[in-house]
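These are the residues of each chain, in order.
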Amino acid sequence: MNWEIVKNDFKRNKVINFALLLFMIFSAYLAVLSILMGIQTFMSISELYEKAQPPHFLQMHKGEVNQQEIDEFMSDYQDITYWQTITMINVHGESLSIVGNNDTYNLSDSRLGISLVKQNESRDLLINYEHEKVILDEGEIGIPVLLKEMYDMEIGEHVILSYNDSQKKFVIKEFVLDSQMNSPMVSSTRILLSNEDFDMLKGQVGENEYLIEAYFTDSKEAANFQTAYENAGLPQNGQAVTYAMIFLLSAITDITTVFVLLLVSILLIMVSFICVKFTIMAALEEEIGEIGTMKAIGFPYTDIRDIYLIKYKILAIISVVTGYLLALMTSGIFTNHIKTTFGNMSMSPIAVTISLAVGFLIFLLINYYCKKTLKKIGKVTVVDALVRGKGFDKDKGYVKDGLYKSKKLPINWLLAIREVFYNFKNWIIVSVISLIAVLMILIPFNLMNTFESPEFITYMGSSLEDILIEVENAENLETNYEKVVQVLESDNEIENYNEYRRVRVQTINADNEFMNLNIDCGDNSGNDLKYISGKAPYLENEIAISYFNANEIGKDVNERIVLSYDGIEKEFVISGIYQDVTSGGYTAKSKYDFSELNSLKYSFSVNLKDNTEVEKKAEEWFEIIGSGVKVDPMEEFINQTLGGVVKQLKTIVFGIFIIGASLVMLITVLFLKLRLVKDFSKIAILKAIGFSEMDIKKQYMIKIGCVSMTGILAGIILTGILGEKIVNLVLSISGLGIKRVELIVNPLVQYILGPLSLMTLVLLVSWVVLKTIEKYNIISIINE
């Protein structure tokens, strides 16, 4: 008998049941999808690393190397298992031309350092999408996926290398995956050549750079090894990178994507409970007479409850299974970036199992919440149930107030506002859903806006200027430094510039062991950065340290730190702790010049009088100064560094807006259907005393508009309060070197376009639903 009643209920309430089913499917789908993406990201990186074997420690070096000294040091280091020195040929983008099917272009606009390499024997391999070691024949070339994405290259196109008035032509044979240089944040990329071509070009083109790589029994040993390596005076004219930082930089885009999807899925699961509750209440209110009848003829509470519970169990099972299958089928669309970056990988059994468990958990939660909501049936008496519209609503029908005395408000506005003001809890569902939708949309949007903003450079250890110039650590460091100074001093289009010099000193870490500390010193050093605590150094005995260094050293603001260098020990006060993702996140800033020490690197931040000519001026200076110096327009540098993250976020934010808007519209439709059922007799009374159908529609539109706007405004306020806290919590866990970010808001979107769009959609669907009032017959309503 129960099944017959359930079947009839499905037929009678097709629209509500179908809407609820869609929403439950979507909630389950997004929750499972976010879990799948998170696990697939981790598993894909793990498989890539297993096949490619990236180093646990990497030291880049420009200049000559004494391989015997390196071998002696490596062999004496206890925990090392393997080491190798790789030779790279650095070339400039303008010397590489791509001959495509439709056009020819060079890579002069690339801000990445481009190096030519040959394949290694067994470690740090460049592999294809199937995770196989790439072997090339003479005349063939392997282009990194990073460059393929930037320039949309195709297999079979030709690459022409120009050098010394000569040219060498290659055909693109493979797109290669580079386990350690697959992110724009690394600022370098490697192009693979055959052994024959590489040996022929070595010494004929570009400048040699070396990768000194080490492997350990435990990758965590890399930090200790780095200190020992640097103290041994071995080649170190370049960036040092550890395994943990390689892993993090490789996954930054997908980590951000997973975080946003998880946030949205959590909010959707919260909303699903609200949706289930109000859908159940809509059904119960609509069938209050039948419930009263069943109670009157002796149906026990559990039997009546199970009639509805069976229906929602069926809907929950269908939605979870459908959502799970949809997530499995469409995950390839959302994991496309993972496949592009880390190679093809079949769905991991672990991902399938865990996501299945998540789906089952969602079913259990829905089932529990349905049971909890259906307890209301047990509290309804037969008398209450048979008085239509009052079975579940115990509110008093009369409220004493003074709003009726208002002579300024039109009658429709007066009645609508009075209803919302004194019975807000009856309308709160629309307000809460609007609030959650605003949070869903604005937090990811503000995160995208922050990554896209030039101000984000202050979280990367640099101040915001027009042009960034870096003099790389090489044998001609001082010569290049003089060239840069000469160019800057002679250019009258410069507003001002700041100069920084990097030196290396030693200090004691939290374990009472010596560690190296890279310090950027200069008159403006540390200014204009984002500080977690404290401030920029002002006096010569003050120093600001990065967040990672603060953890490593175990010191806080205003504590003292002793720096050792060149036989000297000097005490400094920590003035502030800032955020940095460059140089592995381990940097420091000071006004003191450390004149006794040689420079490791020079950098200049330049402001122009006319900032519309930034790119033109950067190109002009690069032509004058020559190789060995990077000249980057700051905005272009940020775009190329974080462009992949921003591109992925834009796609997600657009999708989330569609989800959020659909969510608000769906809940509004369901709620209004419930409200109209409950207000059946009120509508009859309003019609009887002379209110037209248009008047009644206006009243409901005003009510919906008021509660929606309340939720939207509350959502905007909560975005400002909670948005940064949520993002900062994830950043702290990620280990990126950034602990706190101030989200950058687009006022036009956050305060005007966003709220206006949601309000328009809510009012539009409300108007469509309210058209059903035209079908209400006053005589039949009164008779009932």
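Structure: see above.
Summarised in this report is the structure supplied together with it. (Residues numbered from 1 in each chain as written. Predicted model: local features only at pLDDT ≥ 70, side-chain atom pairs only at ≥ 80, totals over all residues. Heavy atoms only, no water.)

## Description of the overall build of the protein chain
Applied cut-off: Helix numbers and strand numbers start at the N terminus; a helix is a DSSP run of H or I with at least 4 residues, a strand a run of E with at least 2. Note on classification: 1.4 Å probe, protein chains only; a residue is buried when its accessible area is under 20% of the maximum for its type, exposed when over 50%, partly exposed between these limits. All accessible areas in this document rest on Shrake-Rupley with a 1.4 Å probe, and a residue is counted as covered only by the protein chains that are shown.
Along the protein chain, the regular secondary structure elements total 23 helices and 22 strands. For the protein chain, the proportion of its 784 residues judged to be buried stands at 55%. Carbon and sulfur atoms make up 56% of the accessible area of the protein chain, which amounts to about 34,900 Å² in all.

## So, the nonpolar core
Defined as follows: In plain words, nonpolar cores are sets of buried Ala, Val, Leu, Ile, Met, Phe, Trp, Tyr and Cys residues tied together by side-chain atoms within 4.5 Å. Should any heavy atoms of two residues lie within 4.5 Å, those residues are considered in contact.
With 144 residues, the main nonpolar core has L107, I143, M153, L201, Y308, M440 and Y700 as its most contacted residues. Examining the composition of this core, we find that 18 residues originate from one element, helix α2 (residues 14-52), more than from any other. Discounting residues that sit within four places of it in the chain, M153 has contacts with I98, Y105, L107, I143, L147, K148, I172 and F175. Membership of the second largest hydrophobic core comes to 24 residues, among which are M515, A550, A588 and Y592.

## Thoughts on the pattern of salt bridges
Two side chains that carry opposite charge are able to pair once their charged atoms sit near each other. Stated precisely, the cut-off is as follows: Between Lys or Arg on one side and Asp or Glu on the other, a salt bridge is scored when a side-chain nitrogen of the former is within 4 Å of a carboxyl oxygen of the latter.
Summed over all chains, the structure comprises 13 salt bridges. Between D199 and K118 there is a salt bridge, with its nearest N and O atoms 3.4 Å apart. Residue D199 is located in helix α5 (residues 195-201), and its partner K118 is located in strand β5 (residues 113-118); the two are separated by 81 residues in the primary sequence. On the accessibility criterion, K118 (32% relative accessible area) is partly exposed. Note that D520 is salt-bridged to R502, the shortest N-O span being 2.8 Å. With D520 in strand β15 (residues 514-521) and R502 in strand β14 (residues 494-508), this residue pair connects regions lying 18 residues apart in the sequence.

## Quick look at the side chain of E213
Inclusion rule: His is not counted here, nor are the chain ends, while Lys and Arg score as positive and Asp and Glu score as negative. Here a polar contact means two N or O atoms within 3.5 Å. Within protein one must be a hydrogen donor candidate and the other an acceptor candidate, and residues neighboring in sequence count only if both atoms are side-chain atoms.
Take E213: it is sitting in strand β11 (residues 207-216). Put simply, E213 is tucked away with no salt bridge, and the nearest opposite charge, on R190, sits 4.4 Å away. Among the polar contacts listed, one links the side chain of E213 to the side chain of Q84, at a separation of 2.8 Å. Look past the residues within four positions of E213 in its chain and what remains in contact with it is P55, F57, L58, M74, Y82, W83, Q84, I86, D124, Q180 and R190.

## Observations concerning a negative patch on the surface
Rule in force here: For patch building, the residue pool is restricted to those with more than 30% relative accessible area and no salt bridge; the joining distance is 9 Å between like charges and 5 Å between nonpolar side chains (Val, Leu, Ile, Met, Phe, Trp, Tyr). Where a charge lies is defined by one atom per residue type: Lys uses NZ, Arg uses CZ, Asp uses CG and Glu uses CD.
A surface patch of like charges, here negative, comprises E94, D109, E615, E619, E623 and E635. For the negative patch, the leading source of residues is helix α18 (residues 614-625), giving 3 residues.

## Observations concerning helix α14 (residues 411-422)
Just so we agree on the cut-off: Multiply 1.5 Å by the residue count of a helix minus one, and that product is the helix's expected span.
End to end, α14 covers 16 Å across 12 residues, agreeing with the expected 16 Å (1.5 Å per residue, within 8%). Inspection of α14 places N412, L414, A416, E419 and V420 among the buried residues, and these make up the whole buried set.

## Digging into unusual backbone geometry
For D152, which is not glycine, the phi torsion reads 55 degrees and is therefore positive. At D566, a residue that is not glycine, the phi angle is positive and equals roughly 50 degrees. With a relative accessible area of 55%, D566 lands in the exposed category.

## Observations concerning a nonpolar patch on the surface
On the surface, a nonpolar cluster with roughly 570 Å² of combined accessible area is contributed by V745, L748, Y751, I752, L753 and L756. Classification of L756 as exposed rests on a relative accessible area of 54%.

## Examining a positive patch on the surface
A cluster of basic residues, K372, K375, K376 and K379, forms a positive patch at the surface. Position of K379 relative to the elements: it lies in helix α12 (residues 376-379).

## Considerations on the packing of helix α16 (residues 477-490) against α18
The cut-off we apply is this: Simply put, an axis is a line fit to the C-alpha atoms, just over the touching stretch for a helix, and the angle between two N-to-C directions goes from 0 to 180 degrees. Working rule for angles: under 35 degrees goes down as roughly parallel, over 145 as roughly antiparallel, 65 to 115 as roughly perpendicular, anything else as oblique. Crossing handedness is read from the near helix: turned anticlockwise from the far helix by less than a right angle, it gives a left-handed crossing, and turned clockwise, a right-handed one. Under this grouping Gly is polar, as are all residues other than the nonpolar Ala, Val, Leu, Ile, Met, Phe, Trp, Tyr, Cys and Pro and the charged Asp, Glu, Lys and Arg.
At their nearest, the axes of α16 and α18 sit 10 Å apart, and the two run at 135 degrees to each other. Our classification of the angle between α16 and α18 gives oblique. Seen from above, α16 lies across α18 with right-handed handedness. On α18, the residues touching K483, V484, V487 and L488 of α16 are W621, I624 and I625. For the contact of α16 with α18, a count of residues per class yields 6 nonpolar, no polar and 1 charged.

## Some words on the packing of aromatic side chains
Put simply, the test is: To pair, rings of Phe, Tyr and Trp, with the six-membered ring standing in for Trp, must have centres within 6.5 Å; the planes then decide the type, stacked if under 30 degrees apart, edge-to-face if over 60, and tilted in the middle. By definition, being over a ring means that NZ of Lys or CZ of Arg is both within 6 Å of the ring centre and within 35 degrees of the ring normal.
Summed over all chains, the structure comprises 24 aromatic pairs. On the numbers, 6.0 Å between centres and 70 degrees between planes, the contact of Y531 with Y578 is edge-to-face. One end of the pair, Y531, is in strand β16 (residues 531-534); the other, Y578, is in strand β19 (residues 568-578), with 47 residues separating them in the sequence. Between the NZ or CZ atom of R123 and the centre of the ring of Y215, over which it lies, the distance is 4.8 Å. Here the basic side chain of K570 rests over the ring of F572, its NZ or CZ set 5.6 Å away from the ring centre.

## A word on the environment of L211
Here L211 shows up in strand β11. Placed 25 residues apart in sequence, L211 and Q236 show a C-alpha to C-alpha distance of 9.9 Å. For L211, the residues in contact, after removing those within four places along its chain, are L58, Q59, M60, Q84, T85, I86, M88, Q180, M181 and R190.

## Comments concerning α18
Stated formally: As used here, the arc belongs to the directions running from the helix axis to the C-beta atoms.
Taking 1.5 Å per residue as the helical rise, α18 with its 12 residues ought to reach 16 Å, and the 16 Å between its terminal C-alpha atoms agrees with that figure. Among the residues making up α18, those that are buried are V614, K617, A618, W621 and I625. An end-on view of α18 places all buried positions within 100 degrees of arc, on one side of the element. Looking at α18, the residues exposed on the side facing more than 90 degrees away from the buried face are K616, E619 and E623. If you follow the buried residues of α18, they end up packed against β13 (467-471), α16, β14, β21 (601-608) and β22 (629-633). One or two residues past the end of α18 sits G626, with phi positive at roughly 90 degrees.

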